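# Chain and residue survey
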Amino acid sequence: MPLINTPTTTTTAILTALLALLLSHLLHPLLHQYNNMAHMDTVRAVNAAFKSSPLSHGLVGLFVGGTSGIGEHTLKAFAASTTSPKIYLVGRNADAASRITQETLALNPSATVTFLPVTDLGTLASVDPIVQHITTHEQKLDVLVMSPGYLTMRGREPTSEGLDRKMVVNYYGRMKFIVDLLPLLRRSASTGFVPQVVSVFGTGRENVAALRGFIKAGNLDLDKPGTYSPLTCESVTVASTSLAFEHLSLTSAPDVKFRHVQPGMVADTGMARELPLWAKGGIHLFAPVIGLFVGSEKGVNVGAGIASLMFQGQGKEGGEKGGVFLGSWKGKPTDWRDAKDGNAGSKDQAKWDAERAGLRTTIWEFLQGILERSGKTYTPPAAAAAAK
């Protein structure tokens, strides 16, 4: 005799499903923590192995936004995994820089730490003094890590340069650091170390449809009325970062590794400092609840993980080489270059590759115009040109 659904059996089924869903979310952070513990064992092993490598000696690292959060933790992991490194710390907070310097030297007394203060990373002009200092004092640059955070609920904030402040902090300023320091980065490759450029941002959230629309409208800087929002800003800057990294790797610096890294939800960062008090309170209140669904990360783990990405495979046959990595701090790719990712709206790889080539050209030409507002002409060296 067939089973007849009654209100009681239906209610029981619904309650069972809800209970299973609740349990899965309650167990998620435990599973997430367990997986992180296993991954951190690998991270620590990679970093420890690199320290014993000859390539770990005398590396030069520049950490932009390194006075708090992920930047601080990545800097410390870099210091702990190298011998006699020269570390440049860029940030606004001199007190934090002093503390970080002392803690870094406690981790590695052979390190040299130099604080390069900056009052505002929201302008292109703020990049020039940092670049001038590095190019004056160094013959090479091995590692460039950029993680400055700027999160607000305000709309477009034009600077004296006519650019939106968030777009400068998250994208334009970072690209100016890269392009201006590219000769020193390429010189690092001659030492046997594969130079590393890391932008801690939002890969995995590239929005192709939105980018197409802004390009068609001639509005990549989002200055047309009614088009700017935190979401549209992210849509443009995240996708543009990945495309610009591809362009540089293919045309100018095939021997440099460009990494666009997604850190996940990290509670202990300084990104929320610009938010109003009620919004900061909401983040602190709801972060544990959100963590039940997506899993939260610790900044110290993310920093060590990013360091391990830079060090794994260095000096090994068939190991690290130049190119572009788009993915998480754990090394898991979130690569929109694969048509199977679905972001392109087509599963045809050849068609998507051809379109992406056009997007790269458009993005780069627009970026060149933005960077030249700082008074310089930007023509990256040809890939075939040997680093001097």
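Residues numbered from 1 in each chain as written. Predicted model: local features only at pLDDT ≥ 70, side-chain atom pairs only at ≥ 80, totals over all residues. Heavy atoms only, no water.

So, on to the overall build of the protein chain. From N to C terminus, the protein chain includes ten helices and nine strands. Burial analysis of the protein chain (388 residues in total) assigns 48% to the buried set. For the protein chain, the proportion of contacts with a sequence separation of at least 24, taken over those separated by at least 6, is 78%. For the protein chain, the exposed surface amounts to about 17900 Å²; the carbon and sulfur share of it is 62%. (Helix = DSSP H or I, 4+ residues; strand = E, 2+ residues; numbered from the N terminus. Buried < 20%, exposed > 50% of the residue type's maximum accessible area, 1.4 Å probe, protein only. Contact = heavy atoms within 4.5 Å. Areas by Shrake-Rupley, 256 points an atom, 1.4 Å probe, with all protein chains shown as cover.)

Here we come to the sheet that holds strand β2 (residues 86–91). One open sheet accounts for seven strands, arranged β3-β2-β1-β4-β5-β6-β9; its pairing is parallel. The open sheet is flanked by β3 (112–117) and β9 (323–328), the only strands paired with a single partner. When strand polarity is set aside, the average angle formed by the axes of neighbouring strands in this sheet is 15 degrees. Relative to strand β4 (residues 143–146), strand β1 (residues 60–64) runs parallel, the two being bridged by four bridges. What sits directly across from V64, in β4, is M146. In the packing of helix α3 (residues 94–107) onto the sheet, the strands contacted are β2 and β3, and the crossing angle to β3 comes to about 170 degrees. (Pairing = 2+ DSSP bridges. Axes fitted to C-alpha atoms, helices over the stretch in contact; angles between N-to-C directions.)

The next thing to look at is the pattern of salt bridges. By the definition in use, this model includes 20 salt bridges. Its salt-bridge partner being K176, residue D128 comes within 2.9 Å of it at the nearest N-O pair. You can see D128 sitting in helix α4 (residues 127–137) and its partner K176 sitting in helix α5 (residues 165–188), a full 48 residues away along the chain. Classification of D128 as partly exposed rests on a relative accessible area of 23%. (Salt bridge = Lys/Arg side-chain N within 4 Å of Asp/Glu carboxyl O.)

Here the focus is the packing of helix α7 (residues 230–251) against helix α10 (residues 349–371). α10 packs onto α7 with a crossing angle of 95 degrees between their chain directions and a minimal axis gap of 9 Å. Judged by the inter-axis angle, α7 sits roughly perpendicular to α10. Between α7 and α10, the residues in contact are S240, L243, A244, E246, H247, L248 and L250 and R356, L359, R360, I363 and W364, respectively. Of the residues in the contact of α7 with α10, the class split is seven nonpolar, two polar and three charged. (Parallel < 35°, antiparallel > 145°, perpendicular 65-115°, else oblique. Nonpolar A, V, L, I, M, F, W, Y, C, P; charged D, E, K, R; others polar.)

It is worth spelling out unusual backbone geometry at this point. In this structure, S84 is a non-glycine residue whose phi angle is positive, near 55 degrees. Mapped onto the secondary structure, S84 falls in the loop between α2 (69–80) and β2. Even without being a glycine, L222 presents a positive backbone phi close to 55 degrees. With respect to the helices and strands, L222 occurs in the loop between α6 (208–216) and α7.

Inspection of the sheet shows β2 paired to β3 by six bridges, in the parallel sense. Looking across to β3, one finds that I87 is bridged to V113. Viewed along the sheet, the connection from β2 through α3 into β3 turns out right-handed. (Right-handed = clockwise from strand over helix to strand, strands pointing away.)

A probe as big as a water molecule, rolled over the atoms, marks out the empty space that is left. Within this structure, the stated rule accounts for two cavities of 30 Å³ or more. Computed from the structure, the largest cavity encloses a volume of approximately 60 Å³. Around the largest cavity, the lining residues are V64, L121, V127, P148, V168, V169, G173, R174 and F177. With five residues, the top contributor of residues to the lining of the largest cavity is α5. As for the second largest cavity, its lining consists of Y171, Y172, L220, V236, S240, I363 and F366. Within the residue set of the lining of the second largest cavity, elements represented by two or more residues are α5, α7 and α10. (1 Å grid on protein atoms, 1.4 Å probe; cavity = no way out; pocket = protein on both sides within 12 Å on 5 of 7 lines; lining within 4 Å. Points joined across faces, edges and corners; volume = space filled by probe spheres on them.)

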